[in-house]
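Structure at a glance
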Amino acid sequence: MSSDSGSPPAARPKVAPLQAVRGMNDVLPDESALWQRLEDAARAVFALYGYRNLRVPMVEPTALFVRGIGEHTDVVEKEMYTFDDRLSGESLTLRPEATAGIVRAAIEHSLCYERPQRVWLAGPMFRHERPQKGRYRQFHQFDVEALGFAGPDVDAEQIVMLARLWRELGVADGIRLAINSIGDAHERRAHRADLIAHFERHHDLLDEDARRRLHANPLRILDSKTPSMQAMIAEAPRLIDRLGPESRAHFDGLASALAGAGIAFEVDPRLVRGLDYYNRTVFEWVTDRLGAQGTVAGGGRYDGLFEALGGKPTPACGFAIGVERMILLLQGAGATAADAPLAYVVHSGDAAGTLARSLAESIRDAGHAAIVHAGGGSFKSQMKKADASGARYALIVGEDEAAARSVSVKPLREPGEQRAVPAREVVDAMTPASPMRATE
Ligand code: HAM
């Protein structure tokens, strides 16, 4: 209906705004600066050790995770986002972790049969867990894998690399390392039988839960909190004490490599991890500063996964860092990151607008960020936006400045007078201490 008919435009029905899916978070620009700082540091550290980036799809055949992670794990039993492809009917799953997809890709492209490969990827993972601080349904990982390496030297290399990243980020003091060996499959079978025998000898001490689990999952009894069972649990046979000579030598090799590198660690015989593909080395980096969700990175060796997924035998080791947990840790340590521009250019009038845009280009030529005000408005309202942008300087270009090819430079973050400088000297006039400052 045309507006000159005199009747008011028909009111649109009010629409309720939609919200993000529970447990899946937006990362807004103010917070994103810290994410970028973490991402930059991780990329740089991985590159120092020769790890190269690879990317695999976020959706894979469900069977990949069932076979790779294990049918009886929490992740596969309860937490996967699984759906049928509408056309093919194939069952697909949003990746709950990256290792299975990377191994699938390595087998598909014969990536590491000629020579071993060090790779990493970054991206979102999906698990239908109950959301709480540090635990989300879409979360992000840095996932790092060394494919085709059998010795404990590469296990140690990855741990040393993580220690460097923690130092780089300034959080080394708040995170401790726990390691364990869960041996090879036959050692785990023998240990399981020993465990059941031990618990059966103390059947009268077992609570109802433990009796139920005795044959299905005796390892879980070790996690029991029942006070009257603790002494008996403490005496239960420990897998780490019963490793065969090869697993033992592997573990000792790792421990001495870590000691040689000056990395402190504790051996935690209870550390088993929640995914079924591991053997021998498992490790976690844990902090006390995040409450219940204190594991910021975890990983280990998975020498049998290639074969389980149809590939040739290929020993491998890897880990993943939980990005959201690292961000919480960094925020708790008072870390900040600013991506504010060096200059915000305010202007009024056509000639001033042209000069403002060319000034901004010359600032960018020198490697600094500059924002040119868009959308008009008074100088006063433009200056408010300059301030809100976090810029270190406002550059003011009016008709007079445009005619004289000069610009007024006003410091916004430190004391100092506004002063007029020739347009071609504007970069020098702002003399930042270091070009990196703008992105730190
Ligand atoms: P993961 O222990 O399941 O291992 O996850 C690694 C890290 O991801 C955890 O330590 C934690 O920081 C983070 N994380 C896990 N679930 C969530 C969640 N729901 N919300 C927020 N953060 C979470 C793996 O995923 C293995 N693929 C690691 C690996 C690589 N092993 C060998 N290679």
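Keep in mind that what you see is a predicted model, and the values were worked out from it rather than measured. Along each chain, residues carry numbers from 1 onward, in the same order as the chain's sequence is written. Local features in this predicted model are restricted to residues whose pLDDT is 70 or higher, and side-chain atom pairs enter the listing and the counts only when it is 80 or higher, whereas totals over whole chains, interfaces and linings include all residues. Hydrogens and water are ignored here; the side-chain numbers use all heavy atoms of the structure.

Some points on the nonpolar core
Applicable threshold: Buried residues of nine kinds, namely Ala, Val, Leu, Ile, Met, Phe, Trp, Tyr and Cys, make up a nonpolar core once their side-chain atoms join them within 4.5 Å. Exposure categories follow from relative accessible area, calculated using a 1.4 Å probe and restricted to protein chains: below 20% of the type maximum is buried, above 50% is exposed, and the middle band is partly exposed. The criterion used for residue contact is that any of the two residues' heavy atoms lie within 4.5 Å.
One finds F46, W166, W285 and I321 to be the most contacted residues of the largest nonpolar core, which totals 84 residues. In contact with W285, not counting residues within four places along its chain, are I159, L162, A163, W166, I175, R176, L177, I263, G294, T295, V296 and A297. Counting residues in each nonpolar core, the second largest holds 21 residues, with A370, Y393, A402 and V409 among its members.

A short note on the packing of helix α1 (residues 29-48) against helix α12 (residues 323-332)
Note the cut-off: Every axis in this analysis is a line fitted to C-alpha atoms, fitted for helices over the stretch in contact. Angles between the N-to-C directions lie between 0 and 180 degrees. For helices the rule is a DSSP run of H or I covering at least 4 residues; for strands it is a run of E covering at least 2, with both sets numbered from the N terminus onward. Note on angle classes: values under 35 degrees are labelled roughly parallel, values over 145 roughly antiparallel, values of 65 to 115 roughly perpendicular, and the remainder oblique. Each residue is assigned to one of three groups, with Ala, Val, Leu, Ile, Met, Phe, Trp, Tyr, Cys and Pro labelled nonpolar, Asp, Glu, Lys and Arg labelled charged, and all others, Gly among them, labelled polar.
For the pair α1 and α12, interaxial distance at closest approach is 10 Å and the crossing angle is 110 degrees. Considering their axes alone, α1 and α12 lie roughly perpendicular with respect to each other. Residue-level inspection shows E31, L34, W35 and L38 of α1 in contact with α12, the latter providing V323, E324, M326, I327, L330 and Q331. Of the residues contributing to the contact of α1 with α12, the split by class is seven nonpolar, one polar and two charged.

Observations concerning the pattern of salt bridges
Convention followed: Any Lys or Arg side-chain nitrogen found within 4 Å of a carboxyl oxygen on Asp or Glu counts as a salt bridge.
Scanning the entire structure with this criterion turns up 20 salt bridges. Close ionic contact of D241 with R238 constitutes a salt bridge, the shortest N to O distance being 3.0 Å. Residue R238 is classed as partly exposed on the basis of its relative accessible area of 38%. By sharing partners, the salt bridges in this structure join E60, R104 and E108 into a single network.

Considerations on the site of the ligand
Put simply, the rule is: We call a residue near a molecule or strand as soon as one heavy atom of that residue lies within 4 Å of the molecule or strand. Polar contacts, as counted here, are pairs of nitrogen or oxygen atoms within 3.5 Å of one another; within protein the pair requires one atom able to donate a hydrogen and one able to accept it, and residues that are adjacent in sequence qualify only if both atoms are side-chain atoms. All accessible areas in this document rest on Shrake-Rupley with a 1.4 Å probe, and a residue is counted as covered only by the protein chains that are shown.
Residues in contact with the ligand amount to 27 residues; listed here are only the nearest, E97, E129, E145, Y278 and T295. One nitrogen or oxygen atom from the side chain of E129 is found 2.7 Å from a nitrogen atom belonging to the ligand. In isolation the ligand has 660 Å² of accessible area, and contact with the protein removes 95% of it. When residues of the shell around the ligand are traced back to their parent elements, those giving at least two are β6 (138-147), β10 (295-301) and β11 (316-322). Looking at the shell around the ligand element by element, the count peaks at six residues for β10. Within the shell around the ligand, the residues separate by chemical class into ten nonpolar, nine polar and eight charged.

Things to note about the sheet that holds strand β13 (residues 370-372)
As a reminder, the rule being used: Strand pairing is assigned whenever DSSP identifies at least 2 bridges connecting the two strands.
If you trace the five strands from one edge of the open sheet to the other, you get β13-β12-β14-β15-β16, paired in mixed fashion. Both edges of this open sheet fall to β13 and β16 (419-422), since each of them pairs with a single strand only. Between one strand and the next, the sheet's axes are offset by a mean angle of 30 degrees, whatever the strand orientation. As paired elements, strand β15 (residues 406-411) and β16 share four bridges and run antiparallel to each other.

Considering the pairing of strand β5 (residues 117-126)
Among the ten residues that make up β5, eight are buried, leaving the element largely enclosed by the rest of the structure. Summarising the sheet, strand β1 (residues 52-53) and β5 pair through two bridges and their orientation is parallel. What sits directly across from N53, in β5, is W120. Inspection of the sheet shows β5 paired to β6 by ten bridges, in the antiparallel sense. Pairing of L121 across the sheet is with D143, part of β6.

Section: the domain arrangement of the chain
Rule in force here: Residue ranges assigned to each domain were obtained from an automatic or database domain assignment.
Domain parsing of the chain yields domain 1 (29-183 + 243-332) and domain 2 (343-430). Computed over C-alpha atoms only, the centres of domain 1 and domain 2 are separated by 47 Å.

Examining the pairing of β10
In terms of residue burial, β10 counts as a mostly covered element, since six of its seven residues are buried. Where strand β9 (residues 279-287) and β10 come together, six bridges link them in antiparallel fashion. Residue pairing across strands places V282 opposite G300, the latter belonging to β10. Direction of pairing for β10 relative to β11: antiparallel, over a ladder of five bridges. Considered in β11, the bridge of A297 is made with I321.

Concerning the packing of helix α5 (residues 152-169) against helix α10 (residues 245-260)
Under the convention used in this document: Throughout, a crossing is termed right-handed when the near helix is turned clockwise from the far one, and left-handed when it is turned anticlockwise from it by less than a right angle.
Interhelical geometry of α5 versus α10 gives an angle of 40 degrees and a closest axis separation of 8 Å. If you check the angle between α5 and α10, you find them oblique. Here α5 runs over α10; the crossing is right-handed. Together, P152, D155, A156 and I159 of α5 and H250, G253, L254, A257 and L258 of α10 make up the contact between the two elements. Considered class by class, the residues forming the contact of α5 with α10 number six nonpolar, two polar and one charged.

Quick word on the sheet that holds strand β4 (residues 91-94)
Here we have three strands laid out as an open sheet, ordered β2-β4-β3, and antiparallel in their pairing. Single-partner strands in this sheet number two, and they are β2 (59-61) and β3 (82-84). The mean inter-strand angle of the sheet, taken between neighbouring strand axes irrespective of direction, is 35 degrees. Bridge count for β2 against β4 is three bridges, and the pairing is antiparallel. Within β4, the residue paired with P61 across the bridge is L92.

Description of the state of the cysteines
To keep it simple, the criterion reads: What counts as a disulfide here is a pair of cysteine sulfur atoms lying within 2.5 Å.
Taken as a whole and judged by the stated rule, the model has zero disulfides. With no disulfide of its own, C112 has C317 as its nearest cysteine by sulfur position, at a separation of 14 Å. Relative accessible area serves as the criterion here: at 0%, C317 is assigned to the buried category.

Regarding unusual backbone geometry
Look at R273: it is not a glycine, yet its phi comes out positive at around 70 degrees. Note on placement: R273 falls in the loop between β8 (266-267) and β9. Given the relative accessible area of 22%, R273 is considered partly exposed.

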